[in-house]
Amino acid sequence: MRRAIAIAIWLAGCLFAVSTFAGDLTQWIKQTPVPPDPSKVVVPPGYKVGILVAGLSTPSSAAVDGDGNIWVAISGNLFGGPDADLMPKPHVEVYDRTGKLVKKIGEGVFKTVMNEIAYCPENGVMYIPEYGERIWEMKGLSGELKVIIKDLHNGDHRNAGITCHDGYLYFALGQPSNEGFADPDNLGWTDIPNDPFWLAHPDGLGNTPHDAPCRDIVHTGLNVKTSDGRMTGAYMPAGVAAKPGQIVKATVPCHGSIMRVKFGDKGADGIYAHDKMEVYAMGFRNQSGVEFGPKGSRFENALAVSDNGMNDLGNRRIANGAEKLWLVTEKGQDAGFPDKEGMNFVTNKRFGWKAYTGSVVDRPHPQLYIGDKPYVPKNSPYTGNVHNSGVRGVPLAVANKNPDGYINPVLEWDTNSPMDGIAWSKKGFGYDNNLFASVYGFLTGPDSLEPTWPYVLRVEFLNPSGIKWTPFAHNIEPGGNAYQKPENQGGMERPNDVVFSNDGKTMYIVDYGYVHMDFNQSMPFYPVAKTGVIWTVTYTGN
């Protein structure tokens, strides 16, 4: 479940803030939960599936503390539906290793859902990001819940994964936009007044939400003209046009980034000030999981990042955006958003949804402009076969490519089938230094002839280079539990996070539960109460 606020819709692997979907949900068909059955989850030989906790409503992520307790973030009601009154408010539930409920935290305190909560063994602190609001910390079960970071931004993608390493706290800040533009034709956040982020970092452009670059940008002058007649440039607030050659200055913190701050840099008020933060990596879009490799391994200083790709909507349409796994190996590395999507720049043929063959009338992006001039693609002087006729691709927003170059993902995944929570295996699980990812699966409908279904993915890093991936835990048939044949029901619905026990022998899988879909409804998603599960997969060695 990719993070949300207040009234939200999950679209193409992301939760977006939307307030216009409230409507008559009286036509929903009430769904009946299917009891979970470990025998319906397929894992490799030598592993045993079990259940730590069942009957949860909207569990979204988990972390294991130093005592082996499992802290589970409960998202709360995001969509409405027939079970709305059964859904809890956002909070955290703590279970011991037997599955006994130990404590509930933050009921009535958290305003919005939690992202990837994380425990830091370096200082014994549990960190709880609150989506689009702030970040909290709590030291031990008897500790005080304290805000440590505030004034975060509005937009499609906000604060997400969090971790620690060598005296620093690392946290992900997503991009407000889908593909670089505060485009009112995308969603309704672009005119929210007094964005707390931009009140704290005035750039002279306005205080409505817009993307903040992590390095100084020379603008190509790429603008979109939206249906309300406004011209909006990349990195600009809605209604502010950009000019070719315009400089957009970097901001700290910035968007699409992994930010970090030293543990000892809190102010007297207990808050990490924005000016104490530094950019560790940049150029992402919607980062969920962030995890350094196991201590003592070759990945100890490598930061794995799961990242949700661009959606094919808006006036700068970028088709075929991939879900991605990255490895950041040093400070300052750049993944390339908004002009690079995974392995390639968006000028690549793959990302253009329509070929341009020369007619100004038929230009494929009719609402794109360079400055105030309509954008008209340039045809190549070369000619080829009919399948190469014309040009595709999407124009760049940034004129000055990063002089230090770019990183590429280690894995690209099927469009709109997000990898959310990730975890490295340690000694004791049978696979040392493998990366496991929870694949939530598509929600709005498959983009591909063979959709990627919900399961847990194993990624093995080969020597000297390359990766091998394979499904590690999955249902008997493709798809979530609700879509299995009756005799196969009882398996996983929507894996959203994975985390390991302290001894490394047990994997906990956070299963968000059944999300029923009906696009004839004003809010098309209906989460079914009490269908969330914390599964266990334990290495038996047999």
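Refer to the preceding data block for the structure.
Criteria and thresholds
- Residues numbered from 1 in each chain as written.
- Predicted model: local features only at pLDDT ≥ 70, side-chain atom pairs only at ≥ 80, totals over all residues.
- Heavy atoms only, no water.
- Salt bridge = Lys/Arg side-chain N within 4 Å of Asp/Glu carboxyl O.
- Helix = DSSP H or I, 4+ residues; strand = E, 2+ residues; numbered from the N terminus.
- Disulfide = S-S within 2.5 Å.
- Buried < 20%, exposed > 50% of the residue type's maximum accessible area, 1.4 Å probe, protein only.
- Pairing = 2+ DSSP bridges.

### Points about the pattern of salt bridges
Taken as a whole and assessed by the stated rule, the structure comprises 17 salt bridges. Lys-249 serves as the salt-bridge partner of Asp-216, at 2.8 Å between the closest nitrogen and oxygen. One end of the pair, Asp-216, is in the loop between helix H1 (196-200) and strand S15 (217-218); the other, Lys-249, is in the loop between strand S18 (247-248) and strand S19 (257-262), and 33 residues separate them in sequence. Its salt-bridge partner being Arg-458, residue Glu-460 comes within 3.3 Å of it at the nearest N-O pair. Residues joined by salt bridges that share partners form a network here, namely Asp-166, Lys-295 and Glu-300.

### Remarks on the state of the cysteines
Across all of its chains, the model carries two disulfides by this definition. Across a sulfur-sulfur distance of 2.1 Å, Cys-120 and Cys-164 are joined as a disulfide pair. Linking Cys-120 and Cys-164, the disulfide has an S-S dihedral of approximately 95° and is accordingly described as right-handed. Placement of Cys-120 in strand S9 (residues 118-120) and of Cys-164 in strand S13 (residues 159-165) is noted, with a sequence separation of 44 residues between them. Assessed through its relative accessible area of 10%, Cys-164 is described here as buried. Covalent S-S linkage joins Cys-214 and Cys-254, the inter-sulfur distance amounting to 1.9 Å. Because the sign of the S-S torsion sets the handedness, a value of about 95° for the bond joining Cys-214 and Cys-254 places this disulfide among the right-handed ones.

### Quick word on the pairing of S13
Of all seven residues making up S13, seven are buried, and the element is well covered by its neighbours. Where S13 lies against strand S14 (residues 168-173), five bridges are found, and the strand directions are antiparallel. Along S14, the bridge assignment pairs Cys-164 with Leu-169. Connecting S13 to the next strand, S14, in antiparallel fashion are two residues, including Asp-166 with a positive phi near 50°.

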